[in-house]
Amino acid sequence: QVQLVESGGTLVQAGGSLRLSCAASGRTFSVFAMGWFRQAPGKEREFVAGISPSSSTYYVDSAKGRFTISRDNAKNTVALQMNSLKPEDTAVYYCAARRYLVSTLPSEYNAWGQGTQVTVSS
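Everything quoted here is computed from the prediction, not taken from an experiment. (Residues numbered from 1 in each chain as written. Predicted model: local features only at pLDDT ≥ 70, side-chain atom pairs only at ≥ 80, totals over all residues. Heavy atoms only, no water.)

Digging into the overall build of the protein
Here is step 1 of the chain: Secondary structure assignment for the protein yields zero helices and 11 strands.
Here is step 2 of the chain: The N-to-C order of helical and strand elements in the protein reads β-β-β-β-β-β-β-β-β-β-β.
Here is step 3 of the chain: Compactness check: the protein gives a C-alpha radius of gyration of 13 Å against a globular reference of 14 Å for 122 residues, within 12% of the reference.
Here is step 4 of the chain: Dimensions of the protein along its principal axes, counting C-alpha atoms only, are 40 × 30 × 25 Å.
Here is step 5 of the chain: When contacts within the protein are restricted to residue pairs at least 6 apart in sequence, long-range pairs at least 24 apart make up 59% of them. (Helix = DSSP H or I, 4+ residues; strand = E, 2+ residues; numbered from the N terminus. Rg over C-alpha atoms; globule rule 2.2 N^0.38 Å. Contact = heavy atoms within 4.5 Å.)

Below is the structure:
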């Protein structure tokens, strides 16, 4: 089982940038598909971006062109670079892992971090 720890969330003004990081434990990180999800108050957890073991990337439409997901298998880390942030990006951001294939469904991930708060002020 892989354990995940997110970092990088903070308060930022609209139009600004943030880089979230997720550190994973375990020796088999390279076989995991990694996902970033977010959950705003009163809303369901939603898929934001995912990256396969071969570094194919996937994004929700609202993140395309603004967010970039990347991974470093040597360091067991995955990052989410977020640019042109909007108030509607405010949420707790979670890193998640599952074997092999990226999924947009939270229920298909079996490892989660504790979350990191991103607040975008207008």
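What to know about the pattern of salt bridges
Here is step 1 of the chain: All chains considered together, the criterion is met by five salt bridges.
Here is step 2 of the chain: Note that Arg38 is salt-bridged to Glu46, the shortest N-O span being 2.6 Å.
Here is step 3 of the chain: Arg38 sits in the buried class, given a relative accessible area of 6%.
Here is step 4 of the chain: One salt bridge connects Glu108 with Arg98, and the closest N-O pair in it is separated by 3.8 Å. Here Glu108, found in the loop between strand E9 (91–99) and strand E10 (111–112), pairs with Arg98, found in strand E9; they are 10 residues apart in sequence, far enough to count as distant. (Salt bridge = Lys/Arg side-chain N within 4 Å of Asp/Glu carboxyl O. Buried < 20%, exposed > 50% of the residue type's maximum accessible area, 1.4 Å probe, protein only.)

A few points about the packing of aromatic side chains
Here is step 1 of the chain: A full pass over the atoms with the stated rule returns five aromatic pairs.
Here is step 2 of the chain: Here Phe37 and Phe47 contribute two aromatic rings whose centre-to-centre distance is 5.6 Å and whose plane-to-plane angle is 75°, an arrangement assigned as edge-to-face. With Phe37 in strand E4 (residues 32–39) and Phe47 in strand E5 (residues 46–51), this residue pair connects regions lying 10 residues apart in the sequence. Grouping residues by exposure puts Phe37 and Phe47 together as buried.
Here is step 3 of the chain: Feature note: the residues Phe37, Phe47, Tyr94, Tyr109 and Trp112 constitute an aromatic cluster, connected by ring pairs.
Here is step 4 of the chain: Of note, Arg45 hangs over the ring of Tyr94, and the distance from its end group to the ring centre comes to 3.7 Å. (Phe/Tyr/Trp six-rings, centres within 6.5 Å; stacked < 30°, edge-to-face > 60°. Lys NZ or Arg CZ within 6 Å of the ring centre and 35° of its normal.)

Some words on the environment of Glu44
Here is step 1 of the chain: Summarising the element assignment, Glu44 is placed in the loop between E4 and E5.
Here is step 2 of the chain: Distance from Glu44 to Val118, taken between C-alpha atoms, is 16 Å for residues 74 residues apart in sequence.
Here is step 3 of the chain: Once residues lying within four places of it in the same chain are set aside, the contact partners of Glu44 are Arg38 and Gln39.

Focus: the pairing of strand E8 (residues 77–82)
Here is step 1 of the chain: Bridge count for strand E3 (residues 18–24) against E8 is six bridges, and the pairing is antiparallel. Pairing of Cys22 across the sheet is with Val78, part of E8.
Here is step 2 of the chain: Looking at chain direction, strand E7 (residues 67–72) and E8 are connected through six bridges and run antiparallel. Its bridge partner lying in E8, Ile69 is registered against Leu80.
Here is step 3 of the chain: The loop that links E7 with its antiparallel partner E8 comprises four residues; one of these, Asn76, has a positive phi angle of about 55°. (Pairing = 2+ DSSP bridges.)

Considerations on the nonpolar core
Here is step 1 of the chain: Among the nonpolar cores identified, the biggest contains 29 residues, and Leu4, Met34, Trp36, Phe67, Leu80, Met82 and Tyr93 are the most heavily contacted of them.
Here is step 2 of the chain: Setting aside residues no more than four positions away along its own chain, Tyr93 makes contact with Glu6, Leu20, Trp36, Phe37, Arg38, Val48, Phe67, Leu80, Met82, Gly115, Thr116 and Val118. (Core = buried A, V, L, I, M, F, W, Y, C linked by side-chain atoms within 4.5 Å.)

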